[in-house]
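# Structural overview
As a plain string of letters, each chain reads:
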Amino acid sequence: MDKTYAPISPGLEFVFDINAEIGQPLDGGPGRNGHRRIIPILGGVVRGPRLNGRVLMGGADYELIRSDGCSVVTAHYTLEADDGTPIYIRNQGLFIAPRETVARVDAGDLVSPDQYYFRAAPVFDAPIGPHCWLSDTLFVSSCAFKTTDVTISVYKVT
């Protein structure tokens, strides 16, 4: 007798928040794929039940604003756990909002995260050791944006 098994429905487990300080965007201008902006990552903190540490200076978010107004974000940066372990992160996501909301955000207004869609899928590259679970797990995140920083709430897909 053949048995079949249905896949398990995934769940989400909150693991930590990343609060990344960002600098003024470098406007790369329009290109064939969209309008490019490079946003420097200046530092920040990581706090949560599964990881604490800091965001190291030197990363950036390479934003591509498509003709339909959707921003495709691709950030590369490094976290340093409280024990000194460096953890590389590549975070790809989407920022979607009505043009009026984008104009308010760009003007520096504080806009509630329920006024836009900002989600991402971070991928971590941690060395062998106590943080290697980050390299062996899928994550999604919900993000909140201000002109000076971005808060990324990271969830483990269970």
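Residue numbers run consecutively from 1 along every chain, following the written order of its sequence. A pLDDT threshold of at least 70 governs which residues receive local features in this predicted model, and a stricter bar of 80 or more applies before side-chain atom pairs are shown or counted, although totals over entire chains, interfaces and linings include all residues. Just so you know, side-chain values use all the structure's heavy atoms and leave hydrogens and water out.

Looking at an unreviewed UniProt entry, one finds the protein named UPF0311 protein E6C51_02980, with Allorhizobium terrae as its source organism. UniProt positions are given in the numbering used here, feature names are shortened, and annotations may be inferred rather than shown by experiment. The Sequence similarities (unreviewed entry) field of the UniProt record for the protein holds the comment "Belongs to the UPF0311 family."

Turning next to the packing of aromatic side chains. Centre distance within 6.5 Å is the pairing criterion for rings of Phe, Tyr and Trp, where only the six-membered ring of Trp is used; planes under 30 degrees apart are then read as stacked, over 60 as edge-to-face, and the remainder as tilted. Considering all chains together, one arrives at seven aromatic pairs under this definition. Aromatic pair F16 and F124: ring centres 5.8 Å apart, planes at 70 degrees, arrangement edge-to-face. On the criterion of sequence distance, the pair formed by F16 in strand β1 (residues 12-22) and F124 in strand β8 (residues 117-125) is long-range, its members being 108 residues apart. The exposure class of F16 is buried, given its relative accessible area of 0%. Judged by its relative accessible area of 4%, F124 is buried. Helical segments are the DSSP runs of H or I of at least four residues, strand segments are the runs of E of at least two, and each set is numbered from the N terminus. Each residue is assigned to one of three classes by its accessible area relative to the maximum for its type, calculated with a 1.4 Å probe on protein chains only: buried under 20%, partly exposed between the two thresholds, exposed over 50%.

Along strand β5 (residues 59-65), five of the seven residues are buried, which leaves the element largely enclosed by surrounding structure. Sheet topology places strand β3 (residues 34-47) next to β5; seven bridges connect them, and they run antiparallel. When the bridges of β5 are listed, P40 appears paired with A60. Whether two strands pair depends on DSSP finding at least two bridges between them. In this structure, β5 lies alongside strand β6 (residues 71-81), joined through four bridges in antiparallel fashion. Each bridged residue has a counterpart across the sheet, and for L64 the counterpart in β6 is V72.

This brings us to the nonpolar core. Throughout, nonpolar core names a set of buried Ala, Val, Leu, Ile, Met, Phe, Trp, Tyr and Cys residues whose side chains join them through atoms within 4.5 Å. Formed by 34 residues in total, the largest nonpolar core has its most connected members in F16, I18, Y77, L79, F124 and L134. Mapped onto this core, the elements with two or more residues apiece are β1, β3, β6, β7 (86-96), β8, β9 (139-145) and β10 (149-157). When checking whether two residues touch, look at their non-hydrogen atoms; a contact exists if any pair is within 4.5 Å. Excluding its chain neighbours within four sequence positions, the residues that come into contact with F16 are V46, R47, G48, P49, L51, F124, W133, L134, I152, S153 and V154.

Okay, the environment of V157 next. Topologically, V157 is positioned in strand β10. Sequence separation of V157 and T137 is 20 residues, and the distance between their C-alpha atoms is 7.3 Å. Once residues lying within four places of it in the same chain are set aside, the contact partners of V157 are P10, G11, L12, T137, L138, F139 and V140.

Okay, the pattern of salt bridges next. Salt bridges are defined by distance alone: a side-chain nitrogen of Lys or Arg within 4 Å of a carboxyl oxygen of Asp or Glu. Tallied over the entire structure, the rule returns seven salt bridges. For R37, the salt bridge identified is with D106, shortest N-O distance 3.8 Å. Here D106 lies in helix α1 (residues 99-106) and R37 lies in strand β3, a separation of 69 residues in the sequence. Overall, the relative accessible area of 15% leaves R37 in the buried class. You can call D106 partly exposed: its relative accessible area is 48%. In this structure, the salt-bridge partner of D149 is K146, at a minimum N-O distance of 3.4 Å.

Before going further, it helps to examine the pairing of β3. Note on strand geometry: in a regular strand, side chains alternate between the two faces of the sheet. Examined bridge by bridge, β1 and β3 share six bridges and lie antiparallel to one another. Residue E21 lies in a different strand from β3, and its bridge partner there is G43. Connecting strand β2 (residues 26-31) to the next strand, β3, in antiparallel fashion are two residues. Inspection of the sheet shows β3 paired to strand β4 (residues 53-55) by three bridges, in the antiparallel sense. Note on β4: the bridge partner recorded for V46 is G53. Between β3 and β4, which pair antiparallel and follow one another directly, the connecting turn spans five residues.

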